[in-house]
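# Structural features, examined
Listed below are the residues making up each chain.
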Amino acid sequence: MTEQQEDQDSDQAWETRRRRIGITAFLAGLVATLAFFAFFPGLPHIVDWGALLVSLAVGGLARWACQSSMTKTAEKKPEHK
């Protein structure tokens, strides 16, 4: 019973960490893309709906990439199966 409880706690902690890293990756991708559109020379210095949608898409892609990488790494380790 105790071993099962420890496994559940470990899984819950791993999922919490995975979620936090996903949120951080999303925000980093979003902010980096918005900064690119806002400050890159030669582009209009107006952030329009297209730039916002692209920023959301890049943020989502960054989140997916980080969480996918974490899952693949965890599958290689026997304690997270």
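Reference entry: report on the structure contained in this document. Here the structure is a predicted model, which means the values were calculated and not measured. (Residues numbered from 1 in each chain as written. Predicted model: local features only at pLDDT ≥ 70, side-chain atom pairs only at ≥ 80, totals over all residues. Heavy atoms only, no water.)

Glancing now at the overall build of the chain. On a plain count of helices and strands, the chain comes out with two helices and zero strands. The buried share among the 81 residues of the chain stands at 15%. Looking at the chain as shown, the accessible area adds up to about 6,400 Å², and 64% of this sits on carbon and sulfur atoms. (Helix = DSSP H or I, 4+ residues; strand = E, 2+ residues; numbered from the N terminus. Buried < 20%, exposed > 50% of the residue type's maximum accessible area, 1.4 Å probe, protein only. Areas by Shrake-Rupley, 256 points an atom, 1.4 Å probe, with all protein chains shown as cover.)

The final tally for this structure, using the stated rule, is one salt bridge. Two residues, Arg18 and Glu15, come together in a salt bridge whose shortest N-O distance is 4.0 Å. Placement of the pair is Arg18 and Glu15 together in helix α1 (residues 2-39), with a separation of three residues, close to one helical turn. (Salt bridge = Lys/Arg side-chain N within 4 Å of Asp/Glu carboxyl O.)

With that settled, the discussion passes to a nonpolar patch on the surface. A cluster of nonpolar side chains, contributed by Val47, Trp49 and Leu52, occupies part of the molecular surface with about 330 Å² of accessible area. With respect to the secondary-structure elements, Trp49 resides in helix α2 (residues 49-76). Residue Trp49 is classed as exposed on the basis of its relative accessible area, which comes to 69%. (Patch = residues over 30% accessible without salt bridge, like charges linked within 9 Å, V, L, I, M, F, W, Y side chains within 5 Å.)

If you check α2, its first and last C-alpha atoms are 41 Å apart, about what 28 residues at 1.5 Å a residue would give, namely 40 Å. Every buried residue of α2 is accounted for by Ala51, Ser55, Gly59, Gln67, Met70 and Ala74. (Expected span 1.5 Å × (residues − 1).)

Moving on, we get to the side chain of Gln67. Within the secondary structure, Gln67 is located in helix α2. Setting aside residues up to four positions removed in sequence, Gln67 forms contacts with Arg18, Arg19 and Gly22. (Contact = heavy atoms within 4.5 Å.)

What follows concerns the environment of Thr24. Following the sequence through the fold, Thr24 ends up in helix α1. Overall, the relative accessible area of 53% leaves Thr24 in the exposed class.

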